[in-house]
Amino acid sequence: MQKKEAFFKKCLVCGKNDFSIFSKNEYRIWYTCCSCGLLRKKHIKKEVNLRENYYGGKFNLGNIYNKIYFYFYIRFVLLSYINNSEFLLDLGCGDGRFLGVLGRFFPKKMIYGVEPDPEGALIVGQKGFVVFDKVLSKCGFKSDFFKVITAFHVVEHFTDPIEEIREIGRVLKPGGYFVAFTPNIRSWGFKIGGKDWWGFDSPYHTVLWSPELLGKFLEDNGFEIVSRRNLVFEQISCIYNTLKVKLCVKNRFVFSFIKILLVPFSLILTLIENMFNYSESFEIIVRKK
Ligand SMILES: [Zn+2]
């Protein structure tokens, strides 16, 4: 690995100033912390807008599948954290598919969305939810306001993770919950995929975590860990997305055919990764102290 002084003064997690270049292309450099392994990105030049990846493209697992998953998630996880007089925020709510399912359980007036992408925010607004098209720190929420903040595949987008996480801590009530899903750099998929791993795929990702690194970062910033677990439901699509980059498959129909062929392989890998806690992505739930 090539060694070079990075533009970060010190690592977000371990505080050391010792970085190596992990990968580089004409648009971006990914640096890894030589001490703890945290990965952070520096942009060299602006990349093309790949929004379709987020709204209706390869990261879309299908509306019905999402709805079923979110239904059970809210039913068996979130309902135990919140009652009908409290407020809930979905940070980085995208096109509002999670808010849509929340609306079946809670009155719309207690549900808020934040989506800095104006096109996503417009779609959410059209669905009748209160949505802010800014980053959280610019929304002006009152302190100690929300009981739960969810962030599904958002913490890997933070350009200033310390500022973002402190703002989350400020607007959460004491004892309130922050729930995050994010790619896992401890996964076997990352070790096998290397620079082609799906976690690097998006031009929007800026920082990549493991459950241990994100846990320590959150603990250092005023939270206590409630739980960490593997995200089994995302495994197969993550493995496909790594293969898609590695094999340079551009044609959708060819890729669909490869997907079908790889179902047995993906299922076995999923099973093994989860058994040994090396899943492609993870969930962390923390409580504000
Ligand atoms: Zn570090």
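Q: I'm lost on the overall build of the chain in this one. Help?
A: Tallying secondary structure elements over the chain gives eight helices and 11 strands in all. In terms of C-alpha radius of gyration, the chain reaches 19 Å, essentially the compact-globule figure of 19 Å for 289 residues. With the principal axes as the frame, the chain shows a C-alpha extent of 50 × 45 × 40 Å. Counting across all 289 residues of the chain, residues that qualify as buried make up 38%.

Q: Explain the confidence of the model for the chain to me, please; I cannot follow it from the model alone.
A: Reading fine detail from the predicted coordinates is not recommended where pLDDT is low. Mean pLDDT over the chain: 85, with 91% of residues reaching 70 or higher. Low pLDDT, under 50, characterises residues 1–5; the stretch is placed with seven contacts to residues that sit more than four places away or in other chains.

Q: How should I be thinking about the sheet that holds strand β11 (residues 281–288) in this particular structure?
A: Ordered in space as β6-β5-β4-β7-β8-β11-β10, the seven strands form an open sheet in which the pairing is mixed. With partners counted over all chains shown, the strands left at the sheet margins are β6 (130–132) and β10 (223–230), one partner each. Between one strand axis and the next, the sheet turns by 15 degrees as a mean value, whatever way the strands run. Bridge count for strand β4 (residues 88–91) against strand β7 (residues 146–152) is three bridges, and the pairing is parallel. By the bridge assignment, leucine 89 is partnered in β7 with isoleucine 149.

Q: Hey, could you run me through the domain arrangement of the chain in this one?
A: By a frequent convention, interface size equals the accessible area lost on bringing the separate parts together. Domain boundaries assigned for the chain yield domain 1 (1–47) and domain 2 (51–288). Look at where the C-alpha atoms of domain 1 and domain 2 centre, and you get two points 23 Å apart. Domain 1 puts 12 residues into the contact, and the matching count from domain 2 is 14 residues. Per element, the largest residue contribution to the side of domain 1 that touches domain 2 is three residues, and it comes from strand β3 (residues 39–43).

Q: Explanation requested: the pairing of β11 in the structure shown.
A: Regular strands have side chains that alternate between both faces of the sheet. Within β11, six of the eight residues are buried, which leaves it mostly tucked inside the rest of the structure. In this structure, strand β8 (residues 172–183) lies alongside β11, joined through seven bridges in antiparallel fashion. Bridging from a neighbouring strand, phenylalanine 178 pairs with valine 286 of β11. Across seven bridges, the pairing between β10 and β11 is antiparallel. Each residue of the ladder has a partner; that of serine 227, found in β11, is isoleucine 285.

Q: In this structure, what is going on with the environment of asparagine 184? I would like to understand it.
A: Inspection of the secondary structure assignment puts asparagine 184 in the loop between β8 and α5 (188–193). Once the C-alpha coordinates of asparagine 184 and valine 77 are considered, the two residues, 107 residues apart in sequence, prove to be 21 Å apart. Those residues in contact with asparagine 184, other than ones at most four positions away along the chain, are Ser210, Pro211, Ser279, Glu280, Ser281 and Phe282.

Q: Whenever I open this one, helix α7 (residues 235–246) confuses me. Can you help?
A: Think of an α-helix as 3.6 residues a turn; residues three or four steps apart then line up on the same face. The terminal C-alpha atoms of α7, which comprises 12 residues, lie 17 Å apart, in line with the 16 Å expected from a rise of 1.5 Å per residue. Of the residues making up α7, those classed as buried are Gln235, Cys238, Ile239, Asn241, Thr242 and Leu243. Looking at the buried side of α7, the elements it contacts are α5, α8 (252–275) and β11. Two residues or fewer after α7 comes cysteine 248, characterised by a positive phi angle close to 55 degrees.

Q: Mind showing me how you'd approach the sheet that holds strand β9 (residues 207–208) here?
A: Strand pairing in a sheet relies on backbone hydrogen bonds. The paired strands run either parallel or antiparallel. Ordered in space as β1-β2-β3-β9, the four strands form an open sheet in which the pairing is antiparallel. The open sheet terminates on both sides in strands that have one partner only, identified here as β1 (19–24) and β9.

Q: Sorry, what's going on with the packing of α7 against α8 here?
A: Two numbers describe a pair of packed helices, the interaxial angle and the distance between the axes. Two elements in contact, α7 and α8, have axes whose closest approach is 9 Å; the angle formed by their N-to-C orientations is 125 degrees. In terms of orientation, α7 and α8 fall into the oblique class. In this structure, α7 meets α8 at a crossing whose hand is right-handed. Facing α7, whose interface residues are Gln235, Ile236, Ile239, Tyr240, Leu243 and Lys244, α8 presents Phe255, Lys259, Leu262, Ser266, Leu269, Thr270 and Glu273. Grouping the constituent residues of the contact of α7 with α8 by class yields seven nonpolar, three polar and three charged.

Q: Explanation requested: unusual backbone geometry in the structure shown.
A: Peptide bonds are mostly trans, and most non-glycine residues show a negative phi. At aspartate 144, a position not held by glycine, the phi torsion is positive, near 55 degrees. Here aspartate 144 is to be found in the loop between β6 and β7. Positioned with a positive phi, histidine 153 is a non-glycine residue whose angle comes to about 55 degrees.

Q: Would you mind showing me how to read the nonpolar core here?
A: Across soluble globular proteins, you tend to see nonpolar side chains buried next to one another. Ile149 and Phe178 are the most contacted members of the largest nonpolar core, which totals 68 residues. Looking at this core, you find at least three residues from each of domain 1 (1–47) and domain 2 (51–288). In this view, isoleucine 149 contacts Leu89, Leu91, Ile168, Leu172 and Phe178; residues no more than four positions away in its chain are not counted.

Thresholds applied
Residues numbered from 1 in each chain as written. Predicted model: local features only at pLDDT ≥ 70, side-chain atom pairs only at ≥ 80, totals over all residues. Helix = DSSP H or I, 4+ residues; strand = E, 2+ residues; numbered from the N terminus. Rg over C-alpha atoms; globule rule 2.2 N^0.38 Å. Buried ≥ 20, exposed ≤ 12 C-beta atoms within 10 Å, placed from the backbone. pLDDT = per-residue confidence, 0-100. Contact = placed C-beta atoms within 7 Å. Pairing = 2+ DSSP bridges. Axes fitted to C-alpha atoms, helices over the stretch in contact; angles between N-to-C directions. Domains from an automatic or database assignment. Expected span 1.5 Å × (residues − 1). Parallel < 35°, antiparallel > 145°, perpendicular 65-115°, else oblique. Left-handed = near helix turned anticlockwise from the far one by under 90°. Nonpolar A, V, L, I, M, F, W, Y, C, P; charged D, E, K, R; others polar. Core = buried A, V, L, I, M, F, W, Y, C linked by C-beta atoms within 7 Å.

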